[in-house]
Amino acid sequence: VVVDSPEFGGGLAAEADQVAVGRNGGVDDGVDSLERWLPEVEMVCVYGGVCRKRHQHHQMQSRSQTVSLMRDLYDGAKSLGRRRSTASLSSSVSPITSSSTNQEHPNFADDQHLTLRGICQAHVPDHILHRVEEVGYFTPTEIQRQALPVLFSGRDCILHAQTGSGKTLAYLLLVYSVINTQRSAVQALIVVPTRELGMQVAKVARMLAAKSDQSVLDNKPCTVMALLDGGTLKRQKSWLKAEPPTIIVGTLGSLCQMLEKQMIKLESMRVLVIDEVDFMFHSSNQVSSLRKLLISYSSISNRQTIFASASIPQHRRFLYDCIQQKWTKTDVVHIHANPVQPMPACLLHRFLICSRSERHSALLSLLQSDAPQSAIIFVNEQSEKSKKAGNAPATNVVIDVLKNSHEGSHEILLLEEKINFNSRAASFSELRQGGSYILVATDIAGRGVDLPDTTHIYNFDLPKDAVHYLHRAGRTGRKPFSESKCVVTSIITLEERFVLQKYENELMFLCEELFL
Ligand SMILES: Nc1ncnc2c1ncn2[C@@H]1O[C@H](COP(=O)(O)OP(=O)(O)OP(=O)(O)O)[C@@H](O)[C@H]1O
């Protein structure tokens with residue numbers, strides 16, 4: 001049991017298995033009552049107060065001490081075999097979900113040695129597994145190991161795991177396990193918040209379906225359509241009329257248009273995936289279409305719904321809503337891999353304090369001293385006030401500074417909402433060609449985008465909240481099983497130090513100060 005102080009954002013408590021939050025004197029009352037309620041509890045850890053271990057009292061010196069204690073507890077419990085799989089743990093703490101997770105199917109979650117093929121071979125066609133191995137995926141990541149058996153059992157799932165942990169492959173393997181290419185119908189719908197993520201997911205889906213084996217060439221191929229806002233939908237309409245694709249990866253606007261025109265029918269759908277689900281629910285442009293889609297899909301009998309994200313704030317509340325609103329079936333499982341470490345361990349977080357007028361020169365100095373292989377510089381969207389004042393967008397200013405004064409040989413690219421579909425697509429595919437780049441981007445590049453060669457992230461502007469920090473930082477460190485460190489640097493003013501500290505507390509990481 002971890003008791004967190006609310007003034008530190010409740011970040012520790014949010015991820016603890018059972019939660020009690022009290023204030024100063026109130027904490028001890030909370031601890032005592034928790035000890036009475038939960039006889040099995042071995043340790044109560046109070047951040048900013050006392051830590052009791054079987055009646056011993058420990059003063060917690062710092063947050064890092066608390067975080068490392070939580071990790072020890074988590075690892076210790078895991079090695080003793082007392083920690084049930086995260087799936088069953090999450091289910092059992094929720095009053096509204098079944099606690100029988102993993103009992104109806106083999107419990108792979110505890111077997112650390114299984115290969116992806118071992119987990120998937122009874123479910124996923126062999127030519128797909130062959131492609132998975134050709135691409136170089138043999139060992140499952142933690143979320144794949146925990147989620148795939150549950151996904152193959154047909155249950156609805158919330159995939160909740162760090163950025164870059166392989167959630168895409170997990171849900172695509174499920175999709176390939178249920179579709180039947182002999183049926184002429186759209187059978188899987190993958191909904192994403194941005195065109196860039198849509199292009200990327202469609203590319204991975206096509207890459208897995210590409211046939212390398214003569215024996216499957218005679219069968220009907222699996223087709224993947226990208227249905228993305230901003231492009232012209234004419235070609236997709238003719239395609240849908242002529243021969244429906246097996247899988248559609250789309251953004252909500254275009255998908256809803258096609259659904260309204262009855263070009264896509266939900267009745268034939270087997271799987272609905274909503275990627276970056278928390279983003280969609282928090283986006284005022286997307287939330288009503290998303291709710292409409294989920295309600296329509298809830299009437300389909302043979303359905304499976306998957307939600308994925310690296311951040312699901314108030315996940316218990318979300319799980320409750322999923323069932324109450326019938327967005328999922330009642331036995332939905334929340335699979336939370338590595339809950340005490342919201343961000344990848346390979347990230348090194350730093351901050352540099354300077355005045356706003358010094359930020360451009362600070363950025364140039366950082367780029368020179370870090371010499372990144374490839375980097376993303378995040379800049380906030382221009383405010384309405386700044387637009388009205390006739391200022392140039394900060395993204396353009398940063399691009400100009402880099403083009404005029406950066407000495408490295410990087411390709412310098414821009415990715416932001418307002419540039420047109422074709423230029424955005426061109427920028428994005430150029431990034432994927434390899435070579436060194438510096439991408440100047442707004443938060444549209446913050447979600448889901450997978451550019452594994454990115455070694456450095458710079459927050460030229462501080463992200464607006466901890467969730468945005470997590471996703472921006474997560475654009476690096478995207479090579480599962482790699483030991484190499486990737487660096488996230490925030491350029492902040494002295495006044496912003498307090499805000500960054502808040503993010504550190506919420507996301508349980510430590511940020512080192514950097515001096516130029
Ligand atoms: N089993 C695996 N072995 C090796 N690499 C893998 C494996 N599964 C996925 N990857 C690679 O890991 C990277 C990150 O995967 P993916 O884009 O699915 O992350 P994600 O969990 O969706 O992250 P985000 O939350 O940021 O969207 C990709 O480059 C992918 O190719």
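Residues numbered from 1 in each chain as written. Predicted model: local features only at pLDDT ≥ 70, side-chain atom pairs only at ≥ 80, totals over all residues. Heavy atoms only, no water.

Moving on, we get to the packing of aromatic side chains. Counted under the stated rule, the structure contains six aromatic pairs. For the ring pair Phe281 and Phe318, a centre distance of 5.7 Å and an interplane angle of 70° mean the geometry is edge-to-face. Here Phe281, found in helix α13 (residues 277-282), pairs with Phe318, found in helix α15 (residues 315-324); they are 37 residues apart in sequence, far enough to count as distant. Like Phe318, Phe281 is buried. (Phe/Tyr/Trp six-rings, centres within 6.5 Å; stacked < 30°, edge-to-face > 60°. Helix = DSSP H or I, 4+ residues; strand = E, 2+ residues; numbered from the N terminus. Buried < 20%, exposed > 50% of the residue type's maximum accessible area, 1.4 Å probe, protein only.)

Taken together, 22 residues form the shell around the ligand, and within it Tyr137, Gly164, Lys167, Thr168 and Asp450 come nearest. In this structure, Tyr137 approaches the ligand through a side-chain N or O atom, which is 2.3 Å from an oxygen atom. Here a nitrogen atom of the ligand sits 2.9 Å away from a polar atom, N or O, in the side chain of Gln144. If the ligand stood free it would expose 640 Å²; the protein chains cover 90% of that surface. Broken down by element, the shell around the ligand gets its largest block of residues, three residues, from helix α8 (residues 167-178). Class assignment for the residues of the shell around the ligand results in seven nonpolar, 10 polar and five charged. (Near = heavy atom within 4 Å. Polar contact = N/O pair within 3.5 Å; in protein donor to acceptor, adjacent residues only side chain to side chain. Areas by Shrake-Rupley, 256 points an atom, 1.4 Å probe, with all protein chains shown as cover. Nonpolar A, V, L, I, M, F, W, Y, C, P; charged D, E, K, R; others polar.)

Here the focus is the pattern of salt bridges. Counted according to the given criterion, the structure contains 19 salt bridges. For Asp461, the salt bridge identified is with Arg356, shortest N-O distance 3.7 Å. Note that Asp461 is positioned in the loop between β17 (456-459) and α20 (466-473) and Arg356 in the loop between β13 (347-353) and α16 (359-370), a separation of 105 residues in sequence. Of the charged contacts in the structure, one is a salt bridge between Glu384 and Lys387, with a shortest N-O distance of 3.2 Å. Placement of the pair is Glu384 and Lys387 together in helix α17 (residues 384-388), with a separation of three residues, close to one helical turn. Assessed through its relative accessible area of 44%, Lys387 is described here as partly exposed. Taken together, the salt bridges that share partners define one network made up of Arg356, Arg359, Asp461 and Glu496. (Salt bridge = Lys/Arg side-chain N within 4 Å of Asp/Glu carboxyl O.)

Regarding helix α14 (residues 287-297), the residues found buried are Leu290, Leu293, Leu294 and Tyr297. The arc that holds the buried residues of α14, viewed along the axis, is 95°, so those residues lie on one side. Close packing links the buried residues of α14 with β7 (188-192), α12 (252-260), β10 (271-275), α13 and β11 (304-309). (Arc of directions from axis to C-beta. Contact = heavy atoms within 4.5 Å.)

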